Amino acid sequence: MQVPFTLENINKLFGEVKKSLQGDARNAAHYIGRLATNYARETKGYDDQTGNLTNSINYAVVADGQVENIVNAEQNGDHPVARENSNQFAETVEAEPGKTKLVVYAGMEYGLYVEARGYDVISQSLPKIPELIMEAFENGRKEG
């Protein structure tokens, strides 16, 4: 299923996810963050010799003025540099009271260089999020 990548569709999908998760925007942001980071890690188009770049791909949810940094210890366990850089980046995200934000990022600075060379780290994966959300809903309807 091809979903047009428009702000209106993203807002609509976010609204559907929010309702599906009992109206909790924080849970919806975590859900979308997991989808985005998993997709970016699974579809990378570069050779990651150290594993640091791939393992620095994470997300943070900012809700109620607090930053919730999500660094998957299972995936980052053998990559302390990636974990540390991810934590440092998440600390720079501005928290705005009354707003919920999702930030998907690669904590290694050279991720920008890799992307500039035409390889997908995260930015080319983000337009895939609406499709991933729709697939999750379709699978949920089939199973339910």
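Residues numbered from 1 in each chain as written. Predicted model: local features only at pLDDT ≥ 70, side-chain atom pairs only at ≥ 80, totals over all residues. Heavy atoms only, no water.

Structural notes on the pairing of strand β1 (residues 57–63)
Phase 1 of the analysis: With respect to burial, β1 is a largely interior element, 7 of its 7 residues being buried.
Phase 2 of the analysis: Here β1 shows a buried face lined by Ile-57, Tyr-59, Val-61 and Ala-63 and a second buried face lined by Asn-58, Ala-60 and Val-62.
Phase 3 of the analysis: Across 6 bridges, the pairing between β1 and strand β3 (residues 101–106) is antiparallel. Opposite Val-61, over in β3, you have Leu-102 as the bridge partner. (Buried < 20%, exposed > 50% of the residue type's maximum accessible area, 1.4 Å probe, protein only. Helix = DSSP H or I, 4+ residues; strand = E, 2+ residues; numbered from the N terminus. Pairing = 2+ DSSP bridges.)

Let's talk about the nonpolar core
Soluble globular proteins tend to bury their nonpolar side chains together.
Phase 1 of the analysis: Grouped together as the largest cluster of nonpolar side chains are 13 residues, with contacts concentrated most on Val-61, Ile-129 and Ile-133.
Phase 2 of the analysis: For this core, the elements supplying multiple residues, two or more each, are α1 (7–20), α2 (25–42), β1 and α7 (129–143).
Phase 3 of the analysis: Per element, the largest residue contribution to this core is 4 residues, and it comes from α2.
Phase 4 of the analysis: In this structure, Ile-129 is in contact with Ile-32 and Ala-36, ignoring residues within four places of it in sequence.
Phase 5 of the analysis: Listed in part, the 8 residues of the second largest apolar core include Ala-40, Ile-57, Val-114 and Ile-122. (Core = buried A, V, L, I, M, F, W, Y, C linked by side-chain atoms within 4.5 Å. Contact = heavy atoms within 4.5 Å.)

A few points about the confidence of the model for the chain
Phase 1 of the analysis: Counting all residues, the mean pLDDT for the chain is 76, and 79% of those residues have values of 70 or more.
Phase 2 of the analysis: Taking the mean pLDDT of every element in the chain, the minimum, 51, falls on helix α4 (residues 73–76) and the maximum, 90, on helix α6 (residues 111–116). (pLDDT = per-residue confidence, 0-100.)

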